[in-house]
Amino acid sequence: MIRSATLPTPQPTLPSLTDNNRLRLLSGSANIPLAQEVARYLGMDLGPMVRKRFADGELYIQIQESIRGCDVYLLQPTCRPVNDHLMELLIMIDACRRASARQITAVIPYYGYARADRKTAGRESISAKLVANLITQAGASRVLAMDLHSAQIQGYFDIPLDHVYGSPILIDYLSSKQLPDLVVVSPDVGGVARARAFAKKLDDAPLAIIDKRRQAHNVAEVMNVIGDVSGKTAVLVDDMIDTAGTILEGARILKENGARQVYACATHAVFSPPAIERLSSGLFEEVIVTNTIPVSEELRFPQLTVLSVANLLGETIWRIHEDSSVSSMFR
């Protein structure tokens, strides 16, 4: 079951939204259920659109209503199949630009290609920057993204970018469980800032760090734990769970160091094989993710909890449209 978190922010003034005919919400095929939830929060319908493929696999998109002079929000996470969904987003942006939309905002709950955000060896591509260039050149006026893999990606865009976080939804859910002797754990050194901010909002819970050395992509070698986890409820916090190798090795070493229970929290449920087998292995009390990426029924398992980010995205879209503060939502 997908649960919607209650935000500490006011509901938008829906009569005003009804009167203002300039806002349009369109969805790509990547996560239509999330887009429908966002539309319900805003008290509107998704814009009609024709989406089909030619025999050779080429995408065709046509907006089925006038958007001339409108502020258009295109919701499309670039999740699996990443290339298809990215290309679909670019074509939607281009279609809106050629339809004379006043402003085009690409709403990207999950930003693909984000892990290649710098050169770590010779002759590598910085694909996170390449994707930013593609979105900008296609004609987007601004971007709304959630929990980017690294904060520096914001600087890759030459257009305004609003960066929002799924952590308030995860924290609200964890707080409601009133877990005893809580310790927040970063699965690697690179995630310390994220885990520290997470711990601070959980009543200044103590922080632990897993020292890890990666030998290859999607292969993690855990070394040791920095901090006290013995007899405590450990909450592993990351931005995404892909193959679950990192989070699984983290749970193992936490158990070896005496952690009583281990919870896993992440915004993006990428869930590439063999993630489900690893996450349902019995090491985790609960795995908590959000629906920035759709989690199909075959990827569900008993310990999984999926929280909805629809209200958060809907409130952010409303604030952008009304030229209100977005950052104040997270204070």
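Placed above this text is the structure.
Since the structure is predicted, the reported quantities are computational estimates derived from the model, not experimental observations. (Residues numbered from 1 in each chain as written. Predicted model: local features only at pLDDT ≥ 70, side-chain atom pairs only at ≥ 80, totals over all residues. Heavy atoms only, no water.)

The step from Arg 80 to Pro 81 runs through a cis peptide bond, and the omega angle for that step is -10°. Mapping Pro 81 onto the fold places it in the loop between strand E5 (71-75) and helix H3 (82-98). Along the chain, Pro 273 connects to Pro 274 via a cis peptide bond; the corresponding omega equals 0°. At Asp 203, a residue that is not glycine, the phi angle is positive and equals roughly 55°. Residue position: Asp 203 is located in the loop between helix H6 (192-201) and strand E10 (207-216). Located in the positive-phi region is Ala 244, a residue other than glycine, with phi close to 70°. With respect to the helices, strands and loops of the structure, Ala 244 is situated in the loop between strand E12 (233-241) and helix H7 (245-256). On the accessibility criterion, Ala 244 (4% relative accessible area) is buried. (Helix = DSSP H or I, 4+ residues; strand = E, 2+ residues; numbered from the N terminus. Buried < 20%, exposed > 50% of the residue type's maximum accessible area, 1.4 Å probe, protein only.)

What follows is about the pairing of strand E13 (residues 261-269). Along E13, eight of the nine residues are buried, which leaves the element largely enclosed by surrounding structure. In this fold, the crossover linking E12 to E13 by way of H7 has right-handed handedness. Here E13 runs beside strand E14 (residues 286-290); their pairing, made up of three bridges, is parallel. Considered in E14, the bridge of Cys 265 is made with Ile 288. (Right-handed = clockwise from strand over helix to strand, strands pointing away. Pairing = 2+ DSSP bridges.)

Moving on, we get to the side chain of Gln 76. Looking at where Gln 76 falls in the secondary structure, it is placed in the loop between E5 and H3. Reaching out from Gln 76, the side chain makes a polar contact with the backbone nitrogen of Ala 30 at a distance of 3.1 Å. Side-chain polar atoms of Gln 76 contact the backbone oxygen of His 85, separated by 3.1 Å. For Gln 76, the residues in contact, after removing those within four places along its chain, are Gly 28, Ser 29, Ala 30, His 85, Glu 88, Leu 89, Met 92, Val 107, Ile 108 and Pro 109. (Polar contact = N/O pair within 3.5 Å; in protein donor to acceptor, adjacent residues only side chain to side chain. Contact = heavy atoms within 4.5 Å.)

This part takes up the pairing of strand E7 (residues 142-146). Buried residues dominate E7, accounting for five of its five residues. Judged by which residues are buried, E7 turns out to be covered on both faces: Arg 142, Leu 144 and Met 146 on one side and Val 143 and Ala 145 on the other are all buried. Pairing between strand E6 (residues 103-108) and E7: four bridges, direction parallel. Looking at the pairing, Ile 108 lines up with Ala 145 of E7. Alignment of E7 against strand E8 (residues 161-164), held across four bridges, turns out to be parallel. Following the sheet pairing, Val 143 is matched in E8 by Leu 161.

By themselves, these observations are geometric and do not establish any function.
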